[in-house]
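What follows is the residue order along each chain.
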Amino acid sequence: MAKYRRVLRDMLLMVALLIGVFSVADFFRAPQAPEGFADQILHTIDGKDVTLAELSAKKPLLVYFWASWCAICRHTTPTVLDLSDDGVNVLTVALRSGDDISVVRYLRGKHLTMPVVNDPRGEMAARWDVSVTPTWMIISKGKVIQSTTGWSSSWGIQLRLWWVKKWYS
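Worth saying up front: this structure is predicted, and the values here are computed from it rather than measured.

*Asks:* I'd like a description of the sheet that holds strand β6 (residues 135–140), backed by residues and values.
*Replies:* Ordered in space as β5-β4-β3-β6-β7, the 5 strands form an open sheet in which the pairing is mixed. Edge strands, defined here as strands with exactly one partner in the open sheet, are β5 (116–119) and β7 (143–149). Strand-to-strand, the axes of this sheet are offset by a mean angle of 20°, without reference to chain direction. In the sheet, strand β3 (residues 61–66) pairs with β6 via 5 bridges, with the strands oriented antiparallel. Residue pairing across strands places Y64 opposite W136, the latter belonging to β6. Packed onto the sheet, helix α6 (residues 154–168) meets β3, β6 and β7 and runs at close to 20° relative to β6.

Following this line, the structure appears as structure tokens:
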């Protein structure tokens, strides 16, 4: 019995250590929202004009910076599609992935349908200080509440969305 307690204690310590390391990494790699970001008009590749303030007014918005050339994004983008299909409020930003036609071809080739703002030269990402793909942000009522970078699971993102909805909406 003592052996099992020790193993459980060691596992919990390892989980706490990993959470701490990832939290520190997220702190240092966190994007910085530019002045007036919530009211900036963004153009999606399907021709809609949106603002982050309007999209996040009623429920939290998951903003996902990704790139067609990003190896990790190839694994996380289907997760975003699943979340979007399940009713999660999602807006994605294609970072340095070519012109609108290239992005549309890429999405069609992967059978992905989700709202996309194209950032072909990385100007939006530079204003936000996004230096890692993928980058995930949760915005509620026009304010960035939480962000993370790199790979994240569906349940990890859902947990973050639940937390923001419970405490910030």
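After that view, the rundown keeps rolling.
*Asks:* Summarise the nonpolar core; cite the residues concerned and give the values.
*Replies:* Side chains of nonpolar character tend, in soluble globular proteins, to be buried together. Within the largest apolar cluster, 22 residues are counted, with the highest numbers of intra-cluster contacts made by L62, W66, L107 and V116. The set of elements that each furnish at least two residues to this core consists of β3, α3 (73–85), β4 (90–95), α4 (100–109), β6 and α6. If we ignore the near neighbours within four places in the chain, the residues touching W66 are C73, T77, T92, V93, A94, L95, S97, V103, Y106, L107, V116 and T133. Core analysis: the next-biggest nonpolar cluster, separate from the first, contains 18 residues, A38, L61, V93 and M124 among them.

Definitions and cut-offs
Residues numbered from 1 in each chain as written. Predicted model: local features only at pLDDT ≥ 70, side-chain atom pairs only at ≥ 80, totals over all residues. Heavy atoms only, no water. Pairing = 2+ DSSP bridges. Helix = DSSP H or I, 4+ residues; strand = E, 2+ residues; numbered from the N terminus. Axes fitted to C-alpha atoms, helices over the stretch in contact; angles between N-to-C directions. Contact = heavy atoms within 4.5 Å. Core = buried A, V, L, I, M, F, W, Y, C linked by side-chain atoms within 4.5 Å. Buried < 20%, exposed > 50% of the residue type's maximum accessible area, 1.4 Å probe, protein only.

By themselves these figures say nothing about function.
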